[in-house]
Amino acid sequence: MTTYAALLRGINVGGRKKLPMAELRGLMTGLGHDSVRTYLQSGQAVFSCGHGDAESLAAELGRAIEERFGFSVDVLVRDHAYLKAVAEACPFPAAELEAKQLHVTYFSAPVGPERFADMDPAAHLPEEFRLGDRALYLYAPDGLGRSKLAEALARPRINKGLIATTRNWNTVVKLVELTARGA
């Protein structure tokens, strides 16, 4: 059995794509997943599974959500080892920052610096970003809601062909903790 986190993009935001967490847990249990737990209302579920891989599990969950709830949702599934490695590789001093200042965007595939070649990092200071393993670390001292860099990084031309979903540092750490329980 491997313990995973499912990251759902854009649910329960602004009254759109409402997906009650109890119903998500039931759906995932019905798919044969064990120890299903959700975290917050914004689309994180932790589960154990003895079959499939991250990509096939994400596709299966995405199809099941669309069939059950009538809307499509981008889903990423990542195992404990990956989530832990991303947290440990953070290039910013996470322990010294407020959780609202540090975010990780998880990508469905590796992302190279060429996607960001047109961006001028100096134009966004003191905000900064760094790339990791299918992840982007964002330091936004005034929070994500006020971040001009986050806005620029979310442009469709940068994320073309990818699933990208962002979590604040508290959620990053909590997902490592929750997936460790079953690891």
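Before reading further, recall that the structure is shown in the block above.
Read on for an overview of the structure. All values derive from a computational prediction rather than experimental measurement.

What follows concerns the pattern of salt bridges. Within the structure shown, the criterion is met by five salt bridges. Between Arg-130 and Glu-128 there is a salt bridge, with the nearest N and O atoms lying 2.7 Å from each other. You can call Arg-130 partly exposed: its relative accessible area is 37%. Residue class for Glu-128 comes out partly exposed when judged on its relative accessible area of 25%. The salt bridge partner of Arg-134 is Asp-133, with a shortest N-O separation of 3.4 Å. Taking the relative accessible area as the measure of exposure, Arg-134 reaches 19% and is therefore buried.

Turning our attention to the nonpolar core. Side chains of nonpolar character tend, in soluble globular proteins, to be buried together. Counting 25 residues, the largest nonpolar core has Val-104, Tyr-106 and Trp-169 as the members making the most contacts within it. Of all the secondary structure elements, the ones that give two or more residues to this core are β1 (2-8), α3 (80-88), β5 (102-107), β7 (135-139) and α6 (169-180). Among the elements that line this core, the one with the most residues is α6, at five residues. Those residues in contact with Val-104 that sit more than four places away from it in its chain are Val-86, Ala-135, Leu-136, Tyr-137, Thr-165, Thr-166, Arg-167, Trp-169 and Val-172. Ranked by size, the runner-up nonpolar core spans 24 residues in total, among them Ala-6, Ala-45, Phe-47 and Val-77.

About the thresholds
- Residues numbered from 1 in each chain as written.
- Predicted model: local features only at pLDDT ≥ 70, side-chain atom pairs only at ≥ 80, totals over all residues.
- Heavy atoms only, no water.
- Salt bridge = Lys/Arg side-chain N within 4 Å of Asp/Glu carboxyl O.
- Buried < 20%, exposed > 50% of the residue type's maximum accessible area, 1.4 Å probe, protein only.
- Core = buried A, V, L, I, M, F, W, Y, C linked by side-chain atoms within 4.5 Å.
- Helix = DSSP H or I, 4+ residues; strand = E, 2+ residues; numbered from the N terminus.
- Contact = heavy atoms within 4.5 Å.

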